[in-house]
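Given next are the chains, with one letter for each unit.
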Amino acid sequence: MAVLRSPLAEPARQVSLLRLLLVALALAVLVFAAENRQEALAPDTVAEARWLLLGVGLVSGVLAALVHWTRFRWQLILHLIFDLLWVGAFIYLTGGVASPAVLLLFAVVLIANLVLPGVLPFVMPSLASLVMFGSATLYLAKASPFTPEFLASYPALSDTNRIMGNLAVQIGAVFTVDLLAQLLTRRLREQRL
């Protein structure tokens, strides 16, 4: 008896594979941030970020094994929202909007456009903007994962003007990435036809 394959199984498999790439990139960001003396992270924050990445890696393995059960677009959208949430938590742990991990959100927005072309225009960048806004708000409210002594050593992490400037530029950039990804996927579809 032949197994019926869902038309969304292939995009779900792509999302799962790209999630593993995102985890690898997040690990690289963590190693870079922990080793770089000017942007060093507090040791307890590094441990929390490692646990987060371990958990995401385990969940990614389970989700990758279950991709053949993806039958509906909302299931694929849940995969992408999971990616936004764990990347948001990782950004918070690695310096907020000053973290190089913000680029991972751009990758999630691009992935969403590639696997679900035309389905989520401007929704994913809006959600990514909310993630960045939440992280920035926590840092502005002095609810960062860092100790006051650590923040005194690295004032850029708590400087209101720098946080707001980074946030504004990043929100503009994430919408630009979404717009360019929409154009790219439209051109790819036209070439296939």
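See above for the structure.
Heads up: these notes are all about the structure in this document. (Residues numbered from 1 in each chain as written. Predicted model: local features only at pLDDT ≥ 70, side-chain atom pairs only at ≥ 80, totals over all residues. Heavy atoms only, no water.)

On to the side chain of Asp83. Along the chain, Asp83 turns up in helix α3 (residues 73-93). On the basis of relative accessibility, which here comes to 2%, the residue Asp83 falls in the buried class. (Helix = DSSP H or I, 4+ residues; strand = E, 2+ residues; numbered from the N terminus. Buried < 20%, exposed > 50% of the residue type's maximum accessible area, 1.4 Å probe, protein only.)

With that out of the way, let us pick up the environment of Ala141. Positionally, Ala141 belongs in the loop between α5 (123-140) and α6 (148-153). For Ala141, a relative accessible area of 53% puts it in the exposed group. Residues Ala141 and Ala173, spaced 32 residues apart in sequence, show a C-alpha to C-alpha distance of 24 Å.

This paragraph deals with empty space enclosed by the protein. All told, the structure shown has one cavity of 30 Å³ or more when counted by the stated rule. Approximately 40 Å³ is the volume found for the largest cavity. Every residue lining the largest cavity is listed: Gly95, Gly96, Val97, Ala98, Ser135, Ala136, Tyr139, Ala156, Leu157 and Ile163. Ranked by residues supplied to the lining of the largest cavity, first place goes to α5 with three residues. Across the lining of the largest cavity, the residue classes break down as seven nonpolar, three polar and no charged. (1 Å grid on protein atoms, 1.4 Å probe; cavity = no way out; pocket = protein on both sides within 12 Å on 5 of 7 lines; lining within 4 Å. Points joined across faces, edges and corners; volume = space filled by probe spheres on them. Nonpolar A, V, L, I, M, F, W, Y, C, P; charged D, E, K, R; others polar.)

Function cannot be inferred from these measures alone, as they are strictly geometric.
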